[in-house]
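Commentary on secondary and tertiary structure
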Amino acid sequence: MKIRLRYFARVREKLGLAEEWVTLPDDIRTVDDVRLFLMKRGGVWSEVLSAGQLKMACQLQMAQPDTKVTEGCEIAFFPPVTGG
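Just so it is clear, the structure is predicted and the values come from calculations on it, not from any experiment.

**Overview of the pattern of salt bridges**
A full pass over the atoms with the stated rule returns 7 salt bridges. Among the salt bridges present, the one from Arg6 reaches Glu19, with a minimum N-O distance of 3.8 Å. In this pair, Arg6 sits in strand β1 (residues 2-7) while Glu19 sits in strand β2 (residues 19-23), placing the two residues 13 residues apart along the sequence. Across the pair Arg6 and Glu74 runs a salt bridge, and its minimum N-O distance is 3.9 Å. Taken as a pair, Arg6 in strand β1 and Glu74 in strand β5 (residues 74-78) lie far apart in primary sequence, 68 residues in all. A cluster of three or more residues bridged by salt bridges with shared partners is formed by Arg4, Arg6, Glu19 and Glu74.

Shown next as C-alpha cells:
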C-alpha cells in the first residue's frame, strides 16, 4: 500500500522534510502502525514521532491511533499547536 505523508511545523523542521510517499508493509493497518513504522528509521524519527504531544490526521480529519489507513490516503503529523 502506498500513502502520502505530510509533516508540519516543528515536526517538519526537525525531520527536514515536508512530505513523502511511502510504500508500507502489508501488516500496517492503522495511523499508529504508520507512526511506529516510521519510528523504526531511528534517530530524530524516533524522537519526534514518539512524542506524546504528537497529533495525527488522516484524509484531512483528526485521527485516532486506531484510524484505518487505506491505499493512497494522506496522513499528517504535527504538534498540538501550529501557527497560521
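From this point, things continue past the structure.
**As for the sheet that holds strand β4 (residues 61-62)**
One open sheet accounts for 5 strands, arranged β2-β1-β5-β3-β4; its pairing is mixed. The open sheet terminates on both sides in strands that have one partner only, identified here as β2 and β4. The pairing of β1 with β2 spans 5 bridges and is classified as antiparallel. Bridging across to β2, Leu5 finds its partner in Glu20.

Cut-offs applied
- Residues numbered from 1 in each chain as written.
- Predicted model: local features only at pLDDT ≥ 70, side-chain atom pairs only at ≥ 80, totals over all residues.
- Heavy atoms only, no water.
- Salt bridge = Lys/Arg side-chain N within 4 Å of Asp/Glu carboxyl O.
- Helix = DSSP H or I, 4+ residues; strand = E, 2+ residues; numbered from the N terminus.
- Pairing = 2+ DSSP bridges.

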